[in-house]
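# A look at the structure
Below, each chain spelled out in residue letters.
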Amino acid sequence: MSSSVTLIREHESGGLQELPPELGPKSRRLQRRTRPGRFTPIVLLVPALVILAVVIGWPLIQLFVMSFQEFGRSQVFGAPAPFVGFDNYVRVLTDPQFWAVLGRSILFCAANVVTAMVLGTLVALLMHRVNKFFKVLVSVGLLLAWAMPALTATIVWGWMFDTQYGVVNYLLEAVSGQDFTNHSWLIDPFSFFVVATIIVTWGAVPFVAFTIFAGLTQVPDEVLEASQLDGAGAWQRFRLIVFPYLRSIFVVVIILQVIWDLRVFTQIFALQGIGGIKEQTSTLGVYIYQISLGKGDYGTGGAIAVIMVILMVGISIFYVRRSLKEEEQ
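Residues numbered from 1 in each chain as written. Predicted model: local features only at pLDDT ≥ 70, side-chain atom pairs only at ≥ 80, totals over all residues. Heavy atoms only, no water.

Per an unreviewed UniProt entry, the recorded name for the protein chain is Carbohydrate ABC transporter membrane protein 1, CUT1 family, and the organism is Herbiconiux ginsengi. UniProt, in the comment section headed Sequence similarities (unreviewed entry), describes the protein chain in these words: "Belongs to the binding-protein-dependent transport system permease family." In its Subcellular location (unreviewed entry) section, UniProt records this for the protein chain: "Cell membrane". (UniProt positions renumbered as here; feature names shortened; annotations may be inferred.)

### Considerations on the overall build of the protein chain
The number of helices and strands found in the protein chain is 16 helices and two strands. Contacts in the protein chain between residues at least 24 apart in sequence constitute 62% of all its contacts with a sequence separation of at least 6. Summing over all exposed atoms, the protein chain offers an accessible surface of approximately 20500 Å²; the carbon and sulfur share of this is 68%. (Helix = DSSP H or I, 4+ residues; strand = E, 2+ residues; numbered from the N terminus. Contact = heavy atoms within 4.5 Å. Areas by Shrake-Rupley, 256 points an atom, 1.4 Å probe, with all protein chains shown as cover.)

### Let's talk about the packing of aromatic side chains
The full count for this structure, using the stated rule, is 22 aromatic pairs. Both rings, one in F238 and one in F250, keep their centres 6.4 Å apart while their planes meet at 85 degrees; by these two values the pair is edge-to-face. Of the two residues, F238 sits in helix α11 (residues 234–245) while F250 sits in helix α12 (residues 247–262), which places them twelve residues apart along the sequence. Here F238 falls in the buried class, since its relative accessible area comes to 17%. Its relative accessible area of 7% is what places F250 among the buried residues. (Phe/Tyr/Trp six-rings, centres within 6.5 Å; stacked < 30°, edge-to-face > 60°. Buried < 20%, exposed > 50% of the residue type's maximum accessible area, 1.4 Å probe, protein only.)

### Remarks on the UniProt feature "transmembrane region" (unreviewed entry) in the protein chain
Under the local residue numbering, the UniProt record ascribes the feature "transmembrane region" (unreviewed entry) to residues 39–61, 105–126, 133–160, 190–217, 238–260 and 298–320. Segment residues 39–61 splits into 96% helix and 0% strand. End C-alpha atoms: 29 Å apart. The straight-line gap between the two end C-alpha atoms of residues 238–260 is 27 Å; of that span, 96% is helix and 0% is strand.

### Some points on the nonpolar core
Membership of the largest hydrophobic core comes to 40 residues, with the highest contact counts inside it found for F98, I212, L246, L284 and I304. When residues of this core are traced back to their parent elements, those giving at least two are α4 (87–93), α5 (96–129), α9 (189–216), α11, α12, α15 (284–294) and α16 (298–328). Once residues within four sequence positions are removed from consideration, F98 is found in contact with V92, L93, L284, Y287, I304 and I307. The next biggest cluster of nonpolar side chains, apart from the first, holds 18 residues, and it includes A153, F192, I199 and V200. (Core = buried A, V, L, I, M, F, W, Y, C linked by side-chain atoms within 4.5 Å.)

### What to know about the environment of Q218
Along the polypeptide, Q218 turns up in the loop between α9 and α10 (221–229). By relative accessible area, which is 62% here, Q218 ends up exposed. A C-alpha to C-alpha distance of 8.9 Å links Q218 and L246, two positions 28 residues apart in sequence. At a separation of 3.3 Å, a polar atom in the side chain of Q218 contacts the side chain of T217. (Polar contact = N/O pair within 3.5 Å; in protein donor to acceptor, adjacent residues only side chain to side chain.)

### Quick word on the packing of helix α13 (residues 266–274) against α15
The interhelical angle for the contact between α13 and α15, taken along N-to-C directions, is 70 degrees, at an axis separation of 8 Å. Of the possible angle classes, the one that applies to α13 and α15 is roughly perpendicular. In the packing of α13 onto α15, the handedness of the crossing is right-handed. Residues I268, F269 and Q272 of α13 pack against V286, Y289 and Q290 of α15. When its residues are assigned to classes, the contact of α13 with α15 shows four nonpolar, two polar and no charged. (Axes fitted to C-alpha atoms, helices over the stretch in contact; angles between N-to-C directions. Parallel < 35°, antiparallel > 145°, perpendicular 65-115°, else oblique. Left-handed = near helix turned anticlockwise from the far one by under 90°. Nonpolar A, V, L, I, M, F, W, Y, C, P; charged D, E, K, R; others polar.)

### Side note on unusual backbone geometry
Look at N182: it is not a glycine, yet its phi comes out positive at around 60 degrees. Assignment of secondary structure puts N182 in the loop between α8 (167–176) and α9. Taking relative accessible area as the criterion, N182 reaches 47% and is therefore assigned partly exposed.

### Some words on helix α6 (residues 132–147)
For α6, with 16 residues, the first-to-last C-alpha span of 22 Å sits near the 22 Å given by 1.5 Å per residue. Looking only at α6, the buried set comprises S139, L142 and A145. Buried residues of α6 fall within an arc of 125 degrees about the axis and therefore sit on the same side. Along α6, exposed side chains directed more than 90 degrees from the buried face belong to F133, L137, L144 and A147. Looking at the packing, one finds that the buried side of α6 touches α5 and α9. The N-terminus of α6 is capped by N131, whose side-chain oxygen sits 3.3 Å from the backbone nitrogen of F133. (Expected span 1.5 Å × (residues − 1). Arc of directions from axis to C-beta.)

### Overview of the side chain of S316
Among the structural elements, S316 can be located in helix α16. Those residues in contact with S316 that sit more than four places away from it in its chain are I255 and I259.

This is how it looks when you write it as structure tokens:
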């Protein structure tokens, strides 16, 4: 290589480029400043950021302000909304019912997230191994479940668990030989949440399965084949090879599942209408609705909503930071 050529490493491209010696550090800095298209990504993001600010940002600001006000039905029709400071938050945080609802919601969320992640991952692994026909068949079934509205799915599952005409009672009686006549699944809070978990998980598995399946297609086949030749079992291959490749995907899916399951509303509200006891089965989403629209106390409902947003943001930050630390190690 000629001595009149200087080799430098360009971090932006990750490769080596040859530049004449007359282009010193100052010229290279000037070239980087004037590189064409430098601000193009920012310009392209501006419309989306504006839409998010209008659709999401402004309602969040209104919710935050409302949580510090005495906001009832009269304020909805134009009456002044006086500021009460942290009174709404104090009322919420000193209410035993709120803590009962919060604990119930966290346990329900954890059960749904774990169940959906396990079943969704198993379905994704199954789709990765079967032939094209069964892959299409499973995909169609998942899409049909995913496309069904939450309210419709809850009504259908409510019919299946119906006290008098439910197919679940009929099948359990036929298989076990025990008497399930007029057995109610929604009166008892534990069985109520078992049914709710089945409904929520049934609607969440397709998203998890499709997302994990998309990530599985990026895992190098030669690495899996080499590990199999070395004697690694299926669980070892997943734990030591597949999971590290898909760690970031799992983190994103878990965060989304936590957010969705912590604020679930439709399934719980519809099951309560079918036969559940509201005082013993309400979760955060339904509790906010009961306080805000049911009692007309929008200020307290806004305070509960802000607390829920802070909780979800905290959980998301925890998972992201933990994932980044594991990747750095």
